[in-house]
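Observations on the three-dimensional arrangement
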Amino acid sequence: MKPLLIFCLAALLLGCGLKSIPYSQKTDVSEPNKAALSHYNWGLAYAKQGDLAQAVTEFKLAIHNEPGWAIPYFNLGAVYGNMGDVKQAISAWERATQLDTDFAKAYYNLAIAYSLRAEESIEVGSQVADIERSIASLREAIRVDKEVLSAAKTEPAFDKIRELPEYKELLQTSEPKQ
């Protein structure tokens, strides 16, 4: 669980910190309304201060005010991940990828979360499904951002799936042709 927590916190504070806010990975998305933007910024501030419960509240209020805005879902997932609630983190990142199908960071976080959940699962069926979801999410992250490939090669959360044929095939087919 620890790699997810560290990654999520880093992604939350570094990837989507208190600088200019990308409203979406897409360029044709309009700016969120002022109320949503205020709650989003408060959510970031609370997360940075370590008040994760209040950050969840603020991100949910941002979502309530602007339900089509993917970025608060991404950060909500990161906060849930840091709280140890992988199920809620996955739900938030899934919604972020539904709203923005080119959201590489959300797909990558999903891949990590599913891989970690598979590692912890005692049910073989659930484990196999989570491994498949992890690889599918990683495939989408790489599709959107080829730089994800190098991160995936060293990501500790993928240690348990690194030797699987599906994982090896994904990495091999994603390598740039020379």
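Preceding this paragraph is the structure being described.
Residues numbered from 1 in each chain as written. Predicted model: local features only at pLDDT ≥ 70, side-chain atom pairs only at ≥ 80, totals over all residues. Heavy atoms only, no water.

Here the focus is the pattern of salt bridges. Scanning the model with the defined rule gives 7 salt bridges in all. Arg117 is paired through a salt bridge with Asp130; the nearest N and O atoms lie 2.8 Å apart. Residue Arg117 is located in helix 6 (residues 104-120), and its partner Asp130 is located in helix 7 (residues 124-144); the two are separated by 13 residues in the primary sequence. Owing to a relative accessible area of 28%, Arg117 belongs among the partly exposed residues under this scheme. (Salt bridge = Lys/Arg side-chain N within 4 Å of Asp/Glu carboxyl O. Helix = DSSP H or I, 4+ residues; strand = E, 2+ residues; numbered from the N terminus. Buried < 20%, exposed > 50% of the residue type's maximum accessible area, 1.4 Å probe, protein only.)

This part takes up helix 9 (residues 165-174). The complete set of buried residues in helix 9 reads Tyr167, Leu170, Leu171 and Ser174. The buried residues of helix 9 occupy one face: seen down the axis, they fall within an arc of 90°. Among the exposed residues of helix 9, those pointing more than 90 degrees away from its buried face are Pro165 and Gln172. Looking at the buried side of helix 9, the elements it contacts are helix 7 and helix 8 (148-154). (Arc of directions from axis to C-beta. Contact = heavy atoms within 4.5 Å.)

Evaluation of the coordinates by the stated rule reveals 5 aromatic pairs. Judged by centre distance (5.8 Å) and plane angle (55°), the ring pair of Tyr40 and Phe59 falls under tilted. Placement of the pair is Tyr40 in helix 2 (residues 34-49) and Phe59 in helix 3 (residues 52-65), with a sequence separation of 19 residues. Aromatic side chains Phe158 and Tyr167 sit 6.0 Å apart centroid to centroid with 45° between the ring planes, which places their arrangement in the tilted category. Residues Phe158 and Tyr167 agree in their burial class; the two are buried. An aromatic cluster is defined as three or more aromatic residues linked by ring pairs; in this entry it consists of Tyr40, Phe59 and Trp69. Above the plane of the ring of Tyr73 lies Arg95, whose end atom (NZ or CZ) is 5.9 Å from the centre. (Phe/Tyr/Trp six-rings, centres within 6.5 Å; stacked < 30°, edge-to-face > 60°. Lys NZ or Arg CZ within 6 Å of the ring centre and 35° of its normal.)

On to the nonpolar core. Formed by 31 residues in total, the largest nonpolar core has its most connected members in Tyr40, Phe59, Leu76, Val79, Trp93 and Phe103. For this core, the secondary structure elements donating two or more residues are helix 2, helix 3, helix 4 (70-83), helix 5 (86-99) and helix 6. It is helix 4 that contributes the most residues to this core, 8 residues altogether. Not counting residues up to four positions away in its chain, the partners in contact with Leu76 are Val56, Phe59, Lys60, Ile63 and Ala92. One finds Ile131, Val148, Leu170 and Leu171 within the second-largest nonpolar core, a separate group that totals 20 residues. (Core = buried A, V, L, I, M, F, W, Y, C linked by side-chain atoms within 4.5 Å.)

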